[in-house]
Amino acid sequence: MTESFPALLIRDKDHPAAVSAELTRDDLPDLPVLVRVDYSSLNYKDGLSVTGKGRIARRFPMVPGIDIAGTVVESASDSFQPGDRVIATGSGLSETEWGAFSVYQRLKPEWLMKQPEGFDQRQAMAIGTAGVTAALCVNQLLAWGNLSQDGGSVLVTGAAGGVGSYAVALLAALGFHVTASTGRAETHDYLRRLGARDFIDRKTLSEAGRPLQEEHWIGAVDSVGSTTLANVLAQTVRDGAVAACGLAGGPDLPATVLPHILRAVTLIGVDSVFAPPQRREAAWRLLQNNLTPEHIDLVTAGEIDLQGLPQAAEDILAGKVRGRLIVKVA
Ligand code: NDP
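The model shown is predicted, which means the values in this text are computed figures rather than measured ones.

As for the site of the ligand
Now for step 1: What surrounds the ligand is a group of 24 residues, the closest being Val-163, Thr-182, Gly-183, Arg-184 and Ser-272.
Now for step 2: Thr-182 has a polar side-chain atom sitting 2.6 Å from an oxygen atom of the ligand.
Now for step 3: Separating an oxygen atom of the ligand from a side-chain N or O atom of Arg-184 is a distance of 2.6 Å.
Now for step 4: Alone, the ligand offers 920 Å² of accessible surface; in the complex the protein occludes 87% of this.
Now for step 5: For the shell around the ligand, the secondary-structure elements that each account for two or more residues are helix H2 (121–144) and helix H3 (162–173).
Now for step 6: In terms of residue class, the shell around the ligand is made up of 10 nonpolar, 11 polar and 3 charged.

So, in structure tokens, the structure goes:
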């Protein structure tokens, strides 16, 4: 098969990704399942890798893209047959393994799962890593935290972003009072429609504060990190828990142990990339049971193609993307 197809390629660490039409199936990694990539989506991490502003790729050339929804074309694995609709999220795609932004990709069967029932390919990618990460955070809060629907407010930071939007929707659907922290007042109506009840300006969390502050949050989902996370911990109630998954505000954590040792606050780390299969499946179940098509439509900001990715990657890093952008690949 020598027919060429478009893909986004990062040639080396000094260059941003560029669309290439030179790939053939022979160029793909020698892995058991050939998938036609129908849809993907744009995550913050894709922004970092496509622009070259974050060191995501660890080998070159690299095809970025961490979310795949596609159709199996050939399979040397008993787990998948041609025609199966499949998805993949994380699993080292874009880092050490070639990812989504290519019309065809070869993948390992253990990175793939059947498309979750109740969602079509486009919806599965509107959810993608952001939705899975939000669901992992919420499941961890439910497991570790001391949350009750009438106990107080759960905070979501970076609320108008991909992870934040789904965290708001899931927590509200579960009956929690959700406070959304956002830097964009124009997203309040959108966030209210997803279920947020109160709002705080993200500036109130981005300045360094005291190590213990007035107790506000019974739990929190944080995709911002840095001073924001330190303040969230300092404002969490006794026995509360904070699920931290992101670094949109920075990777540092200028905090003290005081919330943990004086208020028994739990800080839970969440990683979607190598989350074990049972945890991923539980995340998809939470999404299936709580998201409506209206939620997904609201969060979907639009659709782009491979050509549109370089500009969209700049936009997501500049905090200009509300919700999720779907990428039509094939
Ligand atoms: P988005 O860009 O869609 O959302 C990030 C949001 O954070 C923005 O919309 C904005 O929200 C807020 N934000 C941006 N810059 C700043 C800043 N300087 N200070 C404070 N807030 C800021 O990204 P995603 O939702 O895709 O990802 C969010 C974070 O989570 C990223 O850091 C990403 O790398 C991480 N992530 C981690 C995963 C894991 O497995 N641990 C998986 C997926 C994502 P607003 O406009 O509402 O203020």
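Notes on the pattern of salt bridges
Now for step 1: For the structure shown, the criterion picks out 11 salt bridges.
Now for step 2: Between Lys-53 and Glu-314 there is a salt bridge, and its shortest N-O distance comes to 2.7 Å. With a gap of 261 residues between them, Lys-53 in the loop between helix H1 (44–51) and strand S4 (67–75) and Glu-314 in helix H10 (residues 309–317) connect regions that are remote in the sequence.
Now for step 3: Taking the relative accessible area as the measure of exposure, Lys-53 reaches 56% and is therefore exposed.
Now for step 4: Assessed through its relative accessible area of 32%, Glu-314 is described here as partly exposed.

Brief notes about the pairing of strand S3 (residues 33–42)
Now for step 1: Of all 10 residues that make up S3, 9 are buried, and the element is covered over most of its length.
Now for step 2: Summarising the sheet, S3 and S4 pair through 6 bridges and their orientation is antiparallel. Across the sheet, the residue bridging to Val-37 is Gly-70, located in S4.
Now for step 3: Of the strand pairs in this sheet, S3 and strand S6 (residues 104–107) are connected by 4 bridges, and their pairing is antiparallel. Looking at the pairing, Val-33 lines up with Leu-107 of S6.
Now for step 4: With 4 bridges joining them, S3 and strand S15 (residues 324–328) adopt antiparallel strand pairing. Looking at the pairing, Ser-40 lines up with Val-327 of S15.

Overview of the nonpolar core
Now for step 1: Residues Leu-191 and Leu-287 are the most contacted members of the largest nonpolar core, which totals 54 residues.
Now for step 2: The biggest single contributor to this core is H2, with 12 residues.
Now for step 3: Those residues within four positions of Leu-287 in sequence are excluded, and the remaining contacts are Phe-119, Ile-127, Gly-131, Val-132, Ala-135 and Leu-170.
Now for step 4: Counting 42 residues, the second largest nonpolar core, distinct from the first, contains Leu-9, Leu-28, Ile-304 and Val-329.

Rules used in this analysis
- Residues numbered from 1 in each chain as written.
- Predicted model: local features only at pLDDT ≥ 70, side-chain atom pairs only at ≥ 80, totals over all residues.
- Heavy atoms only, no water.
- Near = heavy atom within 4 Å.
- Polar contact = N/O pair within 3.5 Å; in protein donor to acceptor, adjacent residues only side chain to side chain.
- Areas by Shrake-Rupley, 256 points an atom, 1.4 Å probe, with all protein chains shown as cover.
- Helix = DSSP H or I, 4+ residues; strand = E, 2+ residues; numbered from the N terminus.
- Nonpolar A, V, L, I, M, F, W, Y, C, P; charged D, E, K, R; others polar.
- Salt bridge = Lys/Arg side-chain N within 4 Å of Asp/Glu carboxyl O.
- Buried < 20%, exposed > 50% of the residue type's maximum accessible area, 1.4 Å probe, protein only.
- Pairing = 2+ DSSP bridges.
- Core = buried A, V, L, I, M, F, W, Y, C linked by side-chain atoms within 4.5 Å.
- Contact = heavy atoms within 4.5 Å.

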